[in-house]
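The primary structure of each chain is shown beneath.
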Amino acid sequence: MTELSPRLKRQLFWRSLFLQVFWNYERMQGLGFAFAIAPALRKAHPDAAAFHEALKRHSGYFNTQPYMAGFILGVVARLESDRHAAKDEARITAIKTAMASALAGIGDALFWGTLRPFCAILALGVWLTLAGAGLGGAQAMAAALLAYLLAFNIPAMIVRWQGLSVGYAAGDKIVDEIKRFHWQERIRWLRRAGRTLAVVITLSALVVPGWGWDKAVVYAAIFAAALSLKTYRWSAAQTYGLFAVSGMILSFIIR
Amino acid sequence: MSDLLSWNLAALPVLALLCAALELDTRHAAHLMVSRPLVVAPVLGWLLGDAWTGLRIGLALELLVMDELPVGGAIPINGGVAASGAMLLCTGPYGVEPAAAFPAGLALGAGFSRTEAAVRAAQTKLIRKVESALGAPGREHRAVGRALLGYAVMTALFLYICVGVLGPALGWLWTRLPGPVEDGVLLAYDIAPWLGFATAVEIFWRK
């Protein structure tokens, strides 16, 4: 049986939304993972003692990117339901831990490091375009927020939902299956698109509002200075603080 | 006076709870991005009758903190709390100048991430209790509910106290600031979107 039953899939999906609810420094998402996988373990181990023993095994240390957890939940559900595989508990734990690290790297880069900033820039682009086209402020704002939420959540939800089926169908062959998604190419493509969009929006913000050349040059210089600080890993608060203090000094000198 | 009283006793607690409920999305549940500054600030601005300031603050904060990633056990500046704090400060009856509310919001976001670290440390002590509840239908859902409720109440209290204290303090301070200091704060707020654009461009260039 290589297909996850719809009921179990819904249960795993719903519970996976609370993966981080018990996050702590000792086991990170471990307790959340045990909460999420519990319906699959109950089905695989009808005997109460075996179920609790399996649950205890899965409440140990675990940490991955939340959107990628579906793949691992699917794999573990499959291995636990397979009588032969379930006997080798150490192997299940090893696969789970290895997958958690590998998928965390992909998920962090894709969702946190690329898709989320891309969606923010996209929302800004939508707002500027609609506001520039004369659409009312509230309507343009609502459209931008909707674009942001949909552009992020549709792919995130697909990965979460489909990850469960893919993981379950692949079982311990999950590594080969994961490679088929070409994550790095997708991340590279999204970064290129985000980079283009960010540059276009920045240039538009400099030119379109008609600041006048003097002000546009000042804004461009501030942008360039902030960009240089960013390459040295200055945080938002540090950069903001530096410009506030610079403004104070400048004002003190001019006055 | 009655405005202040109704704000502190009715409006602020309700708004703080609303922000806290949205804030659950950041770390604890779902991660649907409804707690991002870009969403929280305009929604609060719309509720409080100043959607434009909400959008201005939300966009600038979103761009500024977009490279703060929750990787591994790291707890970056909490953008949702920063946006909530800034909006409650500048659209409430204290009417804190947005230029002052914005950095105050950033400070609240940074301060709250320390509080989150403390919560995570406290949750470590509850491992056995949660473990015993797992697998028991009913008990495990109650454990999840308690964890979510506890975090939401803590967030709401944090916002309520900080906004309640900072609101009048910043309102009082703003009128007494020396000219150059006021100029510096206004300048930083004015150019915040440009600092944000720099973050956006840099994050896509990063290897």
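Here the structure is a predicted model, which means the values were calculated and not measured. (Residues numbered from 1 in each chain as written. Chains lettered and ligands numbered in written order. Predicted model: local features only at pLDDT ≥ 70, side-chain atom pairs only at ≥ 80, totals over all residues. Heavy atoms only, no water.)

### Observations concerning the overall build of chain B
Per the secondary structure count, chain B includes eight helices and zero strands. Secondary structure elements in chain B, listed N-terminal to C-terminal, are α-α-α-α-α-α-α-α. Relative to the 2.2 N^0.38 estimate, which gives 17 Å for 207 residues, the radius of gyration of chain B is 18 Å and therefore close to what a compact globule would have. Taken along its principal axes, the extent of the C-alpha atoms in chain B is 60 × 55 × 25 Å. Residue burial in chain B is summarised as follows: out of 207 residues, 57% are buried. When contacts within chain B are restricted to residue pairs at least 6 apart in sequence, long-range pairs at least 24 apart make up 77% of them. Charged side chains in chain B number 14 positive and 15 negative. The centres of these two groups are separated by 14 Å. (Helix = DSSP H or I, 4+ residues; strand = E, 2+ residues; numbered from the N terminus. Rg over C-alpha atoms; globule rule 2.2 N^0.38 Å. Buried < 20%, exposed > 50% of the residue type's maximum accessible area, 1.4 Å probe, protein only. Contact = heavy atoms within 4.5 Å. Lys, Arg positive; Asp, Glu negative; His and termini not counted. Charge placed at Lys NZ, Arg CZ, Asp CG, Glu CD.)

### Section: the layout of surface pockets
The rolling of a water-molecule-sized probe over the atoms marks out the regions of remaining empty space. Of the pockets and cavities examined, the largest pocket occupies roughly 680 Å³. Around the largest pocket sit 26 residues that line it, and Leu-124, Trp-127, Leu-128 and Ala-205 of chain A together with Phe-197 of chain B are the ones nearest its centre. Those elements that provide at least two residues to the lining of the largest pocket are α6 (89-132) and α9 (183-207) of chain A together with α3 (51-65) and α8 (179-205) of chain B. At seven residues, α6 of chain A tops the list of elements feeding residues into the lining of the largest pocket. Residues of the lining of the largest pocket, tallied by class, amount to 21 nonpolar, three polar and two charged. (1 Å grid on protein atoms, 1.4 Å probe; cavity = no way out; pocket = protein on both sides within 12 Å on 5 of 7 lines; lining within 4 Å. Points joined across faces, edges and corners; volume = space filled by probe spheres on them. Nonpolar A, V, L, I, M, F, W, Y, C, P; charged D, E, K, R; others polar.)

### Brief notes about empty space enclosed by the protein
Under the criterion given, the structure shown has one cavity of 30 Å³ or more. In this structure, the largest cavity encloses a volume near 40 Å³. Around the largest cavity, the lining residues are Gln-20 and Trp-23 of chain A together with Arg-27, His-28, Glu-116, Val-119, Arg-120, Gln-123 and Tyr-151 of chain B. The element that contributes the greatest number of residues to the lining of the largest cavity is helix α5 (residues 98-125) of chain B, accounting for four residues. Of the residues that constitute the lining of the largest cavity, the class distribution is three nonpolar, three polar and three charged.

### What about the interface of chain B and chain A?
Across the boundary between the two partners, chain B contributes 77 residues, which contact 76 residues of chain A. Buried surface at the junction of chain B and chain A, summed over both partners, amounts to about 6800 Å²; 71% is from carbon and sulfur atoms. Broken down residue by residue, the surface that chain B buries against chain A is led by Leu-134, Trp-194 and Phe-204 of chain B, which jointly contribute 13%. Applying the counting rule to chain B against chain A returns five salt bridges. Between Asp-183 of chain B and Arg-255 of chain A there is a salt bridge; the shortest N-O distance is 3.0 Å. Where chain B meets chain A, there are 19 residue pairs in polar contact (both at pLDDT 80 or more). Among the secondary structure elements, those contributing two or more residues to the side of chain B that touches chain A are α2 (37-47), α3, α5, α6 (127-133), α7 (139-174) and α8 of chain B. (Buried area = accessible area lost by both parts, 1.4 Å probe. Salt bridge = Lys/Arg side-chain N within 4 Å of Asp/Glu carboxyl O. Polar contact = N/O pair within 3.5 Å; in protein donor to acceptor, adjacent residues only side chain to side chain.)

### Some remarks on the packing of helix α2 (residues 30-44) of chain A against helix α3 (residues 48-57) of chain A
Residues and elements named next belong to chain A. Where α2 meets α3, the closest approach of the two axes is 10 Å, and the angle between their N-to-C directions is 150 degrees. Overall, the two elements α2 and α3 adopt an arrangement that is roughly antiparallel. Handedness of the crossing formed by α2 with α3: right-handed. Between α2 and α3, the contacting residues are Ala-34, Ala-38, Leu-41 and Arg-42 on the first element and Phe-51, Ala-54 and Leu-55 on the second. A class-by-class count of the residues in the contact of α2 with α3 yields six nonpolar, no polar and one charged. (Axes fitted to C-alpha atoms, helices over the stretch in contact; angles between N-to-C directions. Parallel < 35°, antiparallel > 145°, perpendicular 65-115°, else oblique. Left-handed = near helix turned anticlockwise from the far one by under 90°.)

### Looking at a nonpolar patch on the surface
All names here are of chain B. On the surface, a cluster of nonpolar side chains totalling about 470 Å² of accessible area is made up of Leu-149, Val-153, Leu-157, Ile-161 and Val-165. Tracing the sequence through the fold places Leu-157 in helix α7. On the accessibility criterion, Leu-157 (45% relative accessible area) is partly exposed. (Patch = residues over 30% accessible without salt bridge, like charges linked within 9 Å, V, L, I, M, F, W, Y side chains within 5 Å. Areas by Shrake-Rupley, 256 points an atom, 1.4 Å probe, with all protein chains shown as cover.)

### Let's talk about the confidence of the model for chain B
Residues and elements named next belong to chain B. Looking at chain B, pLDDT values average 93 and 99% of them are 70 or higher. Model confidence for chain B, summarised as mean pLDDT per element, is weakest for helix α1 (residues 2-27) at 91 and strongest for helix α4 (residues 79-91) at 96. As scored by the predictor, the complex reaches a pTM of 0.94 and an ipTM of 0.93. (pLDDT = per-residue confidence, 0-100.)

### Section: helix α4 (residues 69-81) of chain A
Since the α-helix advances by 3.6 residues per turn, residues separated by three or four positions end up pointing in the same direction. A rise of 1.5 Å per residue sets the reference length of α4 of chain A, with its 13 residues, at 18 Å; its end C-alpha atoms lie 18 Å apart and thus fit the reference within 8%. α4 of chain A sits mainly inside the fold: twelve of its 13 residues count as buried. (Expected span 1.5 Å × (residues − 1).)

### Notes on a positive patch on the surface
Positive charge collects at one region of the surface, where Lys-129, Arg-139, Arg-142 and Arg-146 of chain B lie side by side. With respect to the element layout, Arg-146 of chain B can be found in helix α7.

### Some thoughts on the side chain of Thr-53 of chain B
Residues and elements named next belong to chain B. In this structure, Thr-53 sits in helix α3. Polar side-chain contacts of Thr-53 include one of 2.6 Å to the side chain of Asp-50. Those residues within four positions of Thr-53 in sequence are excluded, and the remaining contacts are Met-87, Cys-90 and Pro-98.

### Considering the confidence of the model for chain A
Summarising the model, chain A shows a mean pLDDT of 93, and 100% of its residues fall at 70 or more. Here helix α5 (residues 83-87) of chain A stands out as the element of chain A with the lowest mean pLDDT, 73, in contrast to helix α1 (residues 6-16) of chain A, whose mean of 97 is the highest.

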